[in-house]
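Examining the three-dimensional arrangement
Okay, here's what each chain looks like letter by letter:
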Amino acid sequence: MKNLLRNYRTKHGVLIADGATGTNYFSKGLETGDPPELWNLIKPDNVINLHQEFIKAGADIILTNSFGANSSRLKLHDCENKVKSINLEAASLARKAISLSKNKNENLIGGSVGPTGELFKSIGGNLTYEKAASIFYEQAISLKEGGVDFLWIETLSSLEEVDAALHASEKSELGAVVTMSFDTSKRTMMGVTPHEFLKFISKRKVKPIGIGANCGIGPPELLLSIKEMKENLNEDILLVAKGNCGIPEYKEGKIFYKGTEEIMSKYAGLCKDIGVDIVGGCCGTTPEHIRAIKNIVLNKVSNFENIKSSSGSIIDEDVFMKRINSELGVPWKDSTQSSSIPKLKRTSRRRARRSL
Ligand SMILES: [Zn+2]
């Protein structure tokens, strides 16, 4: 089971993961604040439809609608007793969507696992490592029972939480992809850098199948984190990029993302050129974005071919930065630096991300 994704990568080349879940449900009637995971039980057809749209658009990997389906998050909606049923259903709806698609059995299912939303005791909160590990295990084992191929642990910001989630994946004997969200200055909300994340992973006895970055500020910023990982990555671990369409803006009561299909395909082109193994999208990414990403990834031309840096970098730093600046925009141009972000703003960003 653990080699499934790597074998698939070897067979198919760069793989495409799907886009957003929650933000695509908004156009189908999901209200802000409602947990998208409940749709597995009350609107299963909508869940299957979105999976099918992503498969049609070219996604090789689809993620279950279970990002916030852990007891800690579901408790906020008085649904903590539904962890098993929601995760079982999330996996089986993804499996059903694949069986209904033309290319039956040619897609893989990642069981989406998001953060608990609680702070660890080590930084002043109430969550113990043991409790976090048991919360993740409860979700992992239900996703496994429902039929996912591996876990897709995403949007994490602390290494303690990465540790607890990977512990759950090992205990449930499921392989895992794990991605963190890097915000300003290439640091997660808890201050972890891509390099520190990598160092932490390299010390683990059981390695995840893939690691990478998701969400965050936007494609240009995410690419800087991804490149830092690529330059230090053990080649047995796949590199994953799931960038969002930028920070959501609220206009006339609706959520709006700046990332056009053109921007997201340029981001995918850069991902491919620096050697990312799996490219997908996070918040704001629609099936149309995924179609555009797939088209770029299928294109064999690499603009970085024959460009190797004398410093040992995978690509020349100047060339890389010039392409980011010209194709995607200057990193952190529109965002406040972390030191000056008011607490409220950071919290609301975390909240916005809750609806992957
Ligand atoms: Zn996101």
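The rules we used
- Residues numbered from 1 in each chain as written.
- Predicted model: local features only at pLDDT ≥ 70, side-chain atom pairs only at ≥ 80, totals over all residues.
- Helix = DSSP H or I, 4+ residues; strand = E, 2+ residues; numbered from the N terminus.
- Contact = placed C-beta atoms within 7 Å.
- pLDDT = per-residue confidence, 0-100.
- Buried ≥ 20, exposed ≤ 12 C-beta atoms within 10 Å, placed from the backbone.
- Pairing = 2+ DSSP bridges.
- Expected span 1.5 Å × (residues − 1).
- Axes fitted to C-alpha atoms, helices over the stretch in contact; angles between N-to-C directions.
- Parallel < 35°, antiparallel > 145°, perpendicular 65-115°, else oblique.
- Left-handed = near helix turned anticlockwise from the far one by under 90°.
- Nonpolar A, V, L, I, M, F, W, Y, C, P; charged D, E, K, R; others polar.
- Core = buried A, V, L, I, M, F, W, Y, C linked by C-beta atoms within 7 Å.

**Brief notes about the environment of His 195**
Structurally, His 195 is set in helix 9 (residues 194-202). Setting aside its immediate chain neighbours within four residues, His 195 contacts Glu 228 and Asn 232.

**Examining the confidence of the model for the chain**
A low pLDDT means the predicted coordinates there should not be read in detail. Mean pLDDT for the chain: 89, with 89% of residues reaching 70 or above. Ignoring residues within four places in sequence, the model shows residues 305-309, a span with pLDDT below 50, making 6 contacts including any to other chains. Per-residue pLDDT stays below 50 along residues 337-352; that stretch engages in 12 contacts with residues further than four places along the chain or on separate chains.

**So, the pairing of strand 7 (residues 238-243)**
Along a regular strand, successive side chains alternate from one face of the sheet to the other. Most of strand 7 sits inside the fold, with 6 of its 6 residues counted as buried. The side-chain alternation of strand 7 yields two buried faces, one formed by Leu 238, Val 240 and Lys 242 and the other by Leu 239, Ala 241 and Gly 243. Relative to strand 7, strand 6 (residues 210-214) is paired through 5 bridges, and the arrangement is parallel. Following the sheet pairing, Ile 211 is matched in strand 7 by Leu 239. Where strand 7 meets strand 10 (residues 278-281), 4 bridges bridge the pair, whose relative direction is parallel.

**Observations regarding the sheet that holds strand 10**
Strand pairing in a sheet takes place through backbone hydrogen bonds and is either antiparallel or parallel in direction. The 8 strands are arranged 1-10-7-6-5-4-3-2 in an open sheet whose pairing can be described as parallel. Two strands close off the open sheet at either side, each with one partner strand: strand 1 (15-16) and strand 2 (61-63).

**A closer look at helix 11 (residues 261-273)**
In an α-helix, one turn spans 3.6 residues; hence positions three or four apart end up facing the same way. With 13 residues, helix 11 ought to run about 18 Å at 1.5 Å a step, and its terminal C-alpha atoms sit 18 Å apart, in line with that. Taken across its 13 residues, helix 11 has 11 buried, putting it largely inside the fold. Looking at helix 11, one finds that the buried residues are Ile 263, Met 264, Ser 265, Lys 266, Tyr 267, Ala 268, Gly 269, Leu 270, Cys 271, Lys 272 and Asp 273. Each element contacted by the buried residues of helix 11 is listed here: helix 10 (219-230), strand 7, strand 10, helix 12 (287-298) and helix 13 (317-327).

**Examining the packing of helix 4 (residues 44-57) against helix 12**
As a packed pair, helix 4 and helix 12 sit with axes 8 Å apart at the nearest point and diverge in direction by 20°. Judged on the interaxial angle alone, helix 12 and helix 4 are roughly parallel. The hand of the helix 4/helix 12 crossing is right-handed. In this structure, helix 4 contributes Glu 53, Phe 54, Lys 56 and Ala 57 to the contact, and helix 12 contributes Pro 287, Ile 290, Arg 291 and Lys 294. Its residues assigned to classes, the contact of helix 4 with helix 12 comprises 4 nonpolar, no polar and 4 charged.

**With respect to the nonpolar core**
Residues Leu 151, Ala 165, Ile 226 and Val 279 are the most contacted members of the largest nonpolar core, which totals 92 residues. By residue number, the principal contributor to this core is helix 6 (residues 83-100), which donates 8 residues. Not counting residues up to four positions away in its chain, the partners in contact with Val 279 are Val 14, Ile 16, Ala 17, Ala 241, Ala 268, Cys 271, Lys 272, Ile 293 and Val 297.

**Looking at the environment of Phe 197**
Inspection of the secondary structure puts Phe 197 in helix 9. Separated by 32 residues in sequence, Phe 197 and Met 229 have C-alpha atoms that sit 8.6 Å apart. With sequence-adjacent residues up to four places away left out, Phe 197 is seen in contact with Met 180 and Val 192.

**Some remarks on the packing of helix 6 against helix 7 (residues 129-146)**
Between helix 6 and helix 7, the shortest axis-to-axis distance is 7 Å and the interhelical angle comes to 40°. Compared by their axis directions, helix 6 and helix 7 come out oblique. Crossing handedness for the pair helix 6 and helix 7: right-handed. Between helix 6, through Val 83, Lys 84, Asn 87, Leu 88, Ala 90, Ala 91 and Ser 92, and helix 7, the contact on the second element is made entirely by Glu 138, Gln 139, Ser 142, Leu 143, Glu 145 and Gly 146. In the contact of helix 6 with helix 7, the residues fall into 5 nonpolar, 5 polar and 3 charged.

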